[in-house]
Amino acid sequence: MREIRVLGDPVLRTPAEPVESFDRELRRLIDEMFEAMYAVGGVGLAGPQIGVSRRLFVYDISGRKGHVINPVLTVDDPAEVVEEEGCLSVPDRRTGSPAYAPLARAAGVTVAGVDRLERPVRISARGSLARCFQHETDHLDGRLFVDRLPKNDAREIMLRT
């Protein structure tokens, strides 16, 4: 099973490369990403989080499950919604579970890309799914949720990791 990379691993801070080969290996990778995500109780997982610097993520949240390859995220509703957010790649060393903090995200987004068979994917989302899409797309850009936190909150998270 693929290991989840944690804060400090350079792959998490490097923008991921576009997926270009849509082959059996890619299909296997997506299956392995779901397996790794479920094994640790996650709801989303991006390629860099398992050491694969490719632009793809998987998700299973709010009754919606899927994957998006080479996603492009657009904000449909910029109103900010503040909710607790955590990350598998930012574990709290005391508990081993993701460290959580309140974080503002856009209320509504659309993600567009393709699936494993290169069929177009376009999903508009609100709520938890919108938050997940923003979080995973950030990973593909080399950004972690702590980068979006106010300095004091980020400092507190960093002290626990």
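Quick summary incoming for the structure in this document. (Residues numbered from 1 in each chain as written. Predicted model: local features only at pLDDT ≥ 70, side-chain atom pairs only at ≥ 80, totals over all residues. Heavy atoms only, no water.)

**Description of the overall build of the chain**
A count of helical and extended segments in the chain gives 3 helices and 5 strands. Seen through its principal axes, the chain has C-alpha atoms that stretch 45 × 35 × 25 Å. Across the 161 residues that make up the chain, the buried fraction comes to 47%. Counting contacts in the chain only where the partners sit at least 6 residues apart, residues at least 24 apart contribute 66% of the total. Split by element, the accessible area of the chain, about 8200 Å² in all, is 48% carbon and sulfur. (Helix = DSSP H or I, 4+ residues; strand = E, 2+ residues; numbered from the N terminus. Buried < 20%, exposed > 50% of the residue type's maximum accessible area, 1.4 Å probe, protein only. Contact = heavy atoms within 4.5 Å. Areas by Shrake-Rupley, 256 points an atom, 1.4 Å probe, with all protein chains shown as cover.)

**A closer look at the packing of aromatic side chains**
The full count for this structure, using the stated rule, is 4 aromatic pairs. Look at F57 and Y59: their rings are 6.2 Å apart centre to centre, the planes differ by 55°, and that puts the pair in the tilted class. Assigned by exposure class, F57 and Y59 land together as buried. Above the plane of the ring of F34 lies K65, whose end atom (NZ or CZ) is 5.0 Å from the centre. (Phe/Tyr/Trp six-rings, centres within 6.5 Å; stacked < 30°, edge-to-face > 60°. Lys NZ or Arg CZ within 6 Å of the ring centre and 35° of its normal.)

Function cannot be read off these values alone, since they describe shape.
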